[in-house]
Amino acid sequence: MNKPFHVHIVDADRASRGALCAYFEAHGLTVTPMESATELLRRLHRNRPDLVIMDSTLPGMSGTQACQRLRAEGDRVPVILLSERNEEIDRVLGLEMGADDLLGKPCSQRELLARVHAVLRRSIVPPGLPMLAMAPVPIGTLQFDIASRCLVQGGQLHVLSTVEYAVLAELVANPGVAVSRERLLAASHSRAEGLLLRAVDVAVMRLRKRVEPDPAQPRYLQTIRGHGYMFVPAAPIDGAALPIQRSRRSTPTGVAASPSMNSV
């Protein structure tokens, strides 16, 4: 049985929030209610939703500002904004701030549910990311559980940030393949314009600290000089013909890697 989608509903109006929660739960969704954007940002990574529905004019930090902050940090969680200001300029502003959809208030619960399902259909497999049904991938002594966005070791879960998850997912979906930094940037950020490729390098450095026995001499996440990175598993995955690794610092056959293999 498929796990129900999890939605965060962020609205300062208790009555409105409660009504939406009851309606969505009656239609098979798991719902977490919140009353402020600050609460959302604090709890987002500890209780990861599939989608966020948020009032654009919350007191304190507005929903629009929270959406802008999420996108600036590289978080691609789908967001639907609800706005009492339904002028064209307000709708455009919300979408430019990174919202996936925007609906005027008051709105039909039935229409909002339809919008939720439409956004979820588009976001289940974002461009460049593997299917969530992909089996856990061994990386040394860890398991990368793609469905839960975690690294698992000895029964302990290590939750990855959204950017770390997206970069690692793109790499492990293409074992033995040199993946460009540009492709990794597109996979890990909803809007790559104006972002530096260095953001990918930083994510890889953080991942190496998590998965490599010696991050200074990476074995699994190798640098491909002048291009990007490659995931080199300890054993072939699904029969893939991978380069033979003679040592932790060896270079995959036919691929130019950085001399030390630890430069980002």
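Note that the structure is predicted; figures quoted are calculated from it, not measured. (Residues numbered from 1 in each chain as written. Predicted model: local features only at pLDDT ≥ 70, side-chain atom pairs only at ≥ 80, totals over all residues. Heavy atoms only, no water.)

1. Concerning the pattern of salt bridges
Here the structure, examined in full by the defined rule, presents nine salt bridges. The salt bridge partner of Asp55 is Lys105, with a shortest N-O separation of 3.2 Å. Of this pair, Asp55 sits in strand β3 (residues 51-55) while Lys105 sits in the loop between β5 (101-104) and α5 (109-123), and the two are 50 residues apart along the sequence. Where Glu164 meets Arg210, a salt bridge forms, and the shortest distance between an N and an O atom there is 3.5 Å. One end of the pair, Glu164, is in helix α6 (residues 162-172); the other, Arg210, is in helix α8 (residues 198-211), and 46 residues separate them in sequence. Classification of Glu164 as buried rests on a relative accessible area of 6%. Linked by salt bridges that have partners in common, Asp11, Asp55 and Lys105 make up one network. (Salt bridge = Lys/Arg side-chain N within 4 Å of Asp/Glu carboxyl O. Helix = DSSP H or I, 4+ residues; strand = E, 2+ residues; numbered from the N terminus. Buried < 20%, exposed > 50% of the residue type's maximum accessible area, 1.4 Å probe, protein only.)

2. Description of the packing of α6 against helix α7 (residues 181-188)
Where α6 meets α7, the closest approach of the two axes is 8 Å, and the angle between their N-to-C directions is 130°. Viewed along their axes, α6 and α7 adopt a mutual orientation that is oblique. Seen along the crossing, α6 lies across α7 with a hand that is right-handed. Residue-level contacts link Val163, Ala166, Val167, Glu170 and Leu171 of α6 to Arg183, Leu184, Ala187 and Ser188 of α7. (Axes fitted to C-alpha atoms, helices over the stretch in contact; angles between N-to-C directions. Parallel < 35°, antiparallel > 145°, perpendicular 65-115°, else oblique. Left-handed = near helix turned anticlockwise from the far one by under 90°. Contact = heavy atoms within 4.5 Å.)

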